[in-house]
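Tertiary structure, described
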Amino acid sequence: MKHYHSCHTCGGSGIVHDSRGLGEICPACDGKGFVLYIKDTSDQKSPFLRVVVIAAIVLVLFYSLFIIYVTLERVSFTASVIILFIGHAVLAVSLIMYLLFKAMSEK
Ligand SMILES: [Zn+2]
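Residues numbered from 1 in each chain as written. Predicted model: local features only at pLDDT ≥ 70, side-chain atom pairs only at ≥ 80, totals over all residues.

**A word on the overall build of the protein**
A tally of regular secondary structure across the protein gives two helices and four strands. In sequence order, the protein lays out its α and β elements as β-β-β-β-α-α. For the protein, buried positions account for 4% of its 107 residues. (Helix = DSSP H or I, 4+ residues; strand = E, 2+ residues; numbered from the N terminus. Buried ≥ 20, exposed ≤ 12 C-beta atoms within 10 Å, placed from the backbone.)

**Description of the packing of helix α1 (residues 47–73) against helix α2 (residues 77–105)**
As a packed pair, α1 and α2 sit with axes 11 Å apart at the nearest point and diverge in direction by 160 degrees. The angle between α1 and α2 places the two elements in the roughly antiparallel class. Note that α1 runs across α2; the crossing there is right-handed. Residues Pro 47, Val 51, Ala 55, Val 58, Leu 59, Phe 62, Phe 66 and Val 70 of α1 form the contact with α2, whose own contacting residues are Ser 80, Ile 83, Leu 84, Gly 87, Leu 91, Leu 95, Tyr 98, Leu 99 and Lys 102. The residue inventory of the contact of α1 with α2, partitioned by class, reads 14 nonpolar, two polar and one charged. (Axes fitted to C-alpha atoms, helices over the stretch in contact; angles between N-to-C directions. Parallel < 35°, antiparallel > 145°, perpendicular 65-115°, else oblique. Left-handed = near helix turned anticlockwise from the far one by under 90°. Contact = placed C-beta atoms within 7 Å. Nonpolar A, V, L, I, M, F, W, Y, C, P; charged D, E, K, R; others polar.)

**A few points about α2**
Its 29 residues place the ends of α2 42 Å apart at the C-alpha level, agreeing with the 42 Å of an ideal helix rising 1.5 Å per residue. Along α2, only zero of the 29 residues are buried, which leaves the element largely exposed. (Expected span 1.5 Å × (residues − 1).)

This is how it looks when you write it as structure tokens:
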């Protein structure tokens, strides 16, 4: 099922204005003024499964970027350990935040 919703970020105009009054193409709808909302059956699945899938994708992306970065930049062992540690910490914190947010919004 597909629905078109007028974009909430720009109010349907496709243009957002920053603090200086300059117009920019709305990042939420790419200037179209509406967003396509696709309702598919994956919404019916357990949200936990979705979180695990998203976390797995993020982790794979993170490792790919990490390997590319280490290969290209020849970073020291200490630096790569720090990058790995920060990456995992950020992922863990976002996961916890997401679960907390989810738990709070359901009540
Ligand atoms: Zn918009």
